[in-house]
Amino acid sequence: DQQVKQNSPSLSVQEGRISILNCDYTNSMFDYFLWYKKYPAEGPTFLISISSIKDKNEDGRFTVFLNKSAKHLSLHIVPSQPGDSAVYFCAASAVQGAQKLVFGQGTRLTINP
Amino acid sequence: GAGVSQSPSNKVTEKGKDVELRCDPISGHTALYWYRQSLGQGLEFLIYFQGNSAPDKSGLPSDRFSAERTGGSVSTLTIQRTQQEDSAVYLCASSATSAYNEQFFGPGTRLTVL
């Protein structure tokens, strides 16, 4: 069973526009959510996180929104830049679960000039 | 270096052989994790260490997989009698001990079993 789902395998956005990546989860025990960015042949790089006591967290061009009732989170990147082209993974953890991360399948974001 | 390092970066082996993958976490990080990413899939949790003990081994796919951590630092993931379905990128991550801390990943070891 896939507890964290990213239903869009790919997304293409024009440079300067907003990129919105979505993620859904099923386990109500999850209380900490993270987004990672991954380039080919490299490990994932942490981008931004949010705990379940918040509904929004912002860091520069990156904003994560959490809708607990819908079990949905999204990552907004604005403005999108060519260097943002990568695979983005949503991940979730539960304090009870020893912090292990449960990942979605990833969304490949391509920023077009 | 300051980041998580893993070796080797690539490993090609024949079916039935044993392999050892190494991870050096960030200095001072007491929590260490192993994940793997199979082709076209997300990252799958394998095992978690707190210090030298492994309170969560729930992700190890079979008894052919084992891991240890010594001195609260370096960890080794061992796969015995490798099978073709073991082919994947094996990623190690470390984090500070407290909750709600992001995990920092190494570059991974790409394992190919022929």
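That block above? That's the structure.
Residues numbered from 1 in each chain as written. Chains lettered and ligands numbered in written order. Predicted model: local features only at pLDDT ≥ 70, side-chain atom pairs only at ≥ 80, totals over all residues. Heavy atoms only, no water.

(A) Main features of the overall build of chain B. Broken down by element type, chain B carries zero helices and eleven strands. Secondary structure elements in chain B, listed N-terminal to C-terminal, are β-β-β-β-β-β-β-β-β-β-β. Radius of gyration (C-alpha) of chain B: 13 Å, near the 13 Å computed for a compact globule of 114 residues. Structurally, chain B occupies a C-alpha span of about 40 × 25 × 25 Å along its principal axes. Burial statistics for chain B: of 114 residues in total, 46% are counted as buried. Within chain B, contacts between residues separated by at least 24 positions form 53% of all contacts whose residues are at least 6 apart in sequence. (Helix = DSSP H or I, 4+ residues; strand = E, 2+ residues; numbered from the N terminus. Rg over C-alpha atoms; globule rule 2.2 N^0.38 Å. Buried < 20%, exposed > 50% of the residue type's maximum accessible area, 1.4 Å probe, protein only. Contact = heavy atoms within 4.5 Å.)

(B) Here's a closer look at the state of the cysteines. For the structure on display, the rule yields two disulfides over all chains. With a sulfur-sulfur separation of 2.0 Å, A:Cys23 is cross-linked through a disulfide to A:Cys90. The sign of the -70 degrees torsion about the S-S bond sets the A:Cys23-A:Cys90 disulfide as left-handed. Highlighted residues: A:Cys23 in strand β3 (residues 19-25) and A:Cys90 in strand β9 (residues 86-93), separated in sequence by 67 residues. A relative accessible area of 1% means that A:Cys90 is categorised as buried. Disulfide pairing places B:Cys23 opposite B:Cys92 at an S-S distance of 1.8 Å. Of note, the bridge from B:Cys23 to B:Cys92 carries an S-S torsion of about -65 degrees and is left-handed in sense. Here the residue B:Cys23 occupies a position in strand β3 (residues 19-24), and B:Cys92 occupies one in strand β9 (residues 88-95), the gap between them amounting to 69 residues. Summarising the burial analysis for this pair, B:Cys23 and B:Cys92 share the class buried. (Disulfide = S-S within 2.5 Å.)

(C) Region of interest: the layout of surface pockets. The computed volume of the largest pocket comes to approximately 620 Å³. Looking at the largest pocket, it is lined by 28 residues, and the ones nearest its centre are A:Lys38, B:Gln37, B:Leu39, B:Val89 and B:Arg110. If you list the elements that add at least two residues to the lining of the largest pocket, you get β9 and β11 (107-112) of chain A together with β9 and β11 (109-113) of chain B. Volume-wise, the second largest pocket comes out at about 510 Å³. For the second largest pocket, the lining is made up of 24 residues, of which A:Gln3, A:Val102, A:Phe103, B:Leu43 and B:Phe45 are closest to its centre. Contributing elements (two or more residues each) for the lining of the second largest pocket: β9 and β10 (102-103) of chain A together with β5 (43-50) of chain B. For the lining of the second largest pocket, the leading source of residues is β5(B), giving three residues. Looking at the lining of the second largest pocket residue by residue, the classes come out as eight nonpolar, twelve polar and four charged. (1 Å grid on protein atoms, 1.4 Å probe; cavity = no way out; pocket = protein on both sides within 12 Å on 5 of 7 lines; lining within 4 Å. Points joined across faces, edges and corners; volume = space filled by probe spheres on them. Nonpolar A, V, L, I, M, F, W, Y, C, P; charged D, E, K, R; others polar.)

(D) Looking closely at the sheet that holds strand β1 (residues 5-7) of chain B. Residues and elements named next belong to chain B. Read across the sheet, four strands follow the order β1-β3-β8-β7 without closing on themselves; strand pairing throughout is antiparallel. Of all strands in the sheet, those bounded by a partner on one side alone are β1 and β7 (65-69). The sheet shows a mean angle of 15 degrees between the axes of neighbouring strands, taken without regard to direction. Sheet analysis places β1 next to β3, joined by three bridges and oriented antiparallel. (Pairing = 2+ DSSP bridges. Axes fitted to C-alpha atoms, helices over the stretch in contact; angles between N-to-C directions.)

(E) Seen up close, the pairing of β7(B). All names here are of chain B. By the bridge criterion, five bridges tie β7 to strand β8 (residues 75-79) in an arrangement that is antiparallel. Bridge pairing in β8 links Arg 69 to Ser 75. Between β7 and β8, which pair antiparallel and follow one another directly, the connecting turn spans five residues, one of which, Gly 71, has a positive phi of 60 degrees.

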